[in-house]
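Examination of the molecular architecture
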Amino acid sequence: MAKLKTMDADAYPPEALVDEEAKYLRRQKPVEIKRRKFGKRAWRTYFRVLVISIAMIAGAGLLYVAGDFLFASPRLALLHPQQIELSGAQHVSRGAVLEIFAPDRGRSILRIPLGQRRQQLEAIPWVEHATVRRALPNRLQVEIVERTPVAFLRQATELSLVDGSGVILEKPIEGDFQFPVVTGLTAQMTAEDREQRMKMFTDFMQQIDVPRPGASAQVSEVDLSDAAGLRATLTGLPAPGSAAQGMDQGPLLVLFGDRDFQNKFRLLLDNIAQWRAAAGRVESVDLRFSREVVVNPESKTPSARKLKLASPAKTKR
């Protein structure tokens, strides 16, 4: 029979026995849970939250009432055409402007989409820029900047106007315009193409006024059908002091190309009398070539004389 060995208490240090007793024999002290008392500070917090909530509800109610008044009140409604003030319109009719604002009749001016109405106004060909503003309580202010026409445009039998950007404008019933006639532009062309050709036209009109101020008034017609260069019909061009001064030679068709209009026009002024003396009646002149001028290049009559003369001044093609 096996003998049980007795454990010697002296074999374990006292500290180990104390730890074991604390771990297994002693009862753990319960954790005390503190309960928050419903005191004065809590009441102040709840009262503050209540006041803020009431203020927010009241503010939302006031906003609703104010919004309902602003967006639905008859005092802010656009009811009569007289409430639309129009300025800057000389060739744009008031009826065309009022038609754009027709969907806003009876609506609060605060609900009118000003940006959209401005875009619609600028879609009118005569309008270059438009500004639309609200004037409380119930008026609209419309300010228009119109386009500036620079020439008549002939398309078949129709005569209209065109500005420097190539925008075709309907000829107004009233208005006195003194412009040359432009041909070769159509509504079917792209806006960029029309703008490019009209830029060439305006450059030509400005440059020929340099050697002779007021020379642009002698331009009766400009053909822009060829993007590579313009053809201008001029009248009354004898050079000052020449023997042909004052003689009526009739219209002169000049092919200028697409650049250096100032030098080419000066060359024309300096030599037109000489060319007429050498060739007789000069109906057309081609100035597109460098260092040479072709007289009457487009004449189809058998008796017409075509002279190729050396240019006294160099011109750029």
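In the block above lies the structure referred to throughout.
The notes below deal with the structure included here. These figures come from a predicted structure and were not determined experimentally.

Here is what the cut-offs are and how they apply
- Residues numbered from 1 in each chain as written.
- Predicted model: local features only at pLDDT ≥ 70, side-chain atom pairs only at ≥ 80, totals over all residues.
- Heavy atoms only, no water.
- Helix = DSSP H or I, 4+ residues; strand = E, 2+ residues; numbered from the N terminus.
- Buried < 20%, exposed > 50% of the residue type's maximum accessible area, 1.4 Å probe, protein only.
- Contact = heavy atoms within 4.5 Å.
- Areas by Shrake-Rupley, 256 points an atom, 1.4 Å probe, with all protein chains shown as cover.
- Salt bridge = Lys/Arg side-chain N within 4 Å of Asp/Glu carboxyl O.
- Core = buried A, V, L, I, M, F, W, Y, C linked by side-chain atoms within 4.5 Å.
- Pairing = 2+ DSSP bridges.
- Axes fitted to C-alpha atoms, helices over the stretch in contact; angles between N-to-C directions.
- 1 Å grid on protein atoms, 1.4 Å probe; cavity = no way out; pocket = protein on both sides within 12 Å on 5 of 7 lines; lining within 4 Å.
- Points joined across faces, edges and corners; volume = space filled by probe spheres on them.
- Nonpolar A, V, L, I, M, F, W, Y, C, P; charged D, E, K, R; others polar.
- Expected span 1.5 Å × (residues − 1).

Focus: the overall build of the chain
When helices and strands are counted, the chain shows 6 helices and 13 strands. The buried share of the chain, taken over its 317 residues, is 33%. Residue pairs at least 24 apart in sequence account for 53% of intrachain contacts in the chain once pairs closer than 6 positions are excluded. Per element, the accessible surface of the chain, about 21200 Å² overall, is 55% carbon and sulfur.

Quick look at the pattern of salt bridges
A full pass over the atoms with the stated rule returns 13 salt bridges. For R147, the salt bridge is made with D163, and the minimal N-O distance between the two is 3.2 Å. Here D163 lies in strand β5 (residues 158-163) and R147 lies in the loop between β3 (139-146) and β4 (149-155), a separation of 16 residues in the sequence. Just as R147 is buried, D163 falls in that class too.

Considerations on the nonpolar core
Membership of the largest hydrophobic core comes to 36 residues, with the highest contact counts inside it found for F204, F256, L268 and W275. Sorting the residues of this core by element identifies β4, α5 (191-207), β8 (219-223), β9 (230-234), β10 (252-257), α6 (261-279) and β12 (292-295) as the ones contributing at least two each. At 8 residues, α6 tops the list of elements feeding residues into this core. Setting aside residues no more than four positions away along its own chain, L268 makes contact with L234, L237, L252, V254, F256, W275 and L287. Counting residues in hydrophobic clusters, the runner-up holds 23 residues, among them I100, L121, I124 and F152.

Things to note about the sheet that holds β3
Spatially, β1-β3-β2 is the arrangement adopted by the 3 strands of the open sheet, whose pairing is mixed. What marks the edges here is a single partner per strand, and that holds for β1 (84-87) and β2 (127-135). On average, each strand axis in the sheet is inclined to that of its neighbour by 15 degrees, with strand direction left out of account. Looking at chain direction, β1 and β3 are connected through 4 bridges and run parallel.

Digging into the pairing of β12
Within a regular beta strand, the side chains point alternately toward one face of the sheet and then the other, so they alternate between its two faces. Of the two faces of β12, only one is covered, namely that formed by V293 and V295; the face formed by E292 and V294 stays uncovered. As judged from the 2 bridges shared by strand β11 (residues 284-286) and β12, these two strands associate in the antiparallel manner. Paired with V285 across the two strands is V295, which belongs to β12. Hairpin connection between β11 and β12: a loop of 5 residues separates the two successive antiparallel strands, and R291 in this loop has a positive phi of roughly 65 degrees.

Regarding the layout of surface pockets
By volume, the largest pocket is sized at about 330 Å³. Of the residues assigned to the lining of the largest pocket, the class counts are 8 nonpolar, 4 polar and 3 charged. Considered as a void within the structure, the second largest pocket measures approximately 190 Å³ in volume. In this structure, the second largest pocket is lined by 12 residues; those nearest its centre are D226, A228, G229, G257 and R288. Residue composition of the lining of the second largest pocket, by class: 4 nonpolar, 2 polar and 6 charged.

Here's the deal with α5
Here α5 is 17 residues long and its end C-alpha atoms lie 24 Å apart, about the 24 Å a rise of 1.5 Å per residue gives. Taken together, the buried positions of α5 are occupied by R194, R197, M198, M200, F201, T202, F204 and M205.

Quick word on the pairing of β5
Sheet topology places β4 next to β5; 6 bridges connect them, and they run antiparallel. Bridge pairing links Q155 to E158 in β5. Joining the antiparallel neighbours β4 and β5 is a turn of 2 residues, in which A156 adopts a positive phi near 60 degrees. The sheet contact formed by β5 and strand β6 (residues 168-169) spans 2 bridges and is antiparallel. Following the sheet pairing, V162 is matched in β6 by I168. Between β5 and β6, which pair antiparallel one after the other, the connecting turn spans 4 residues, and G166 there sits at a positive phi close to 85 degrees.

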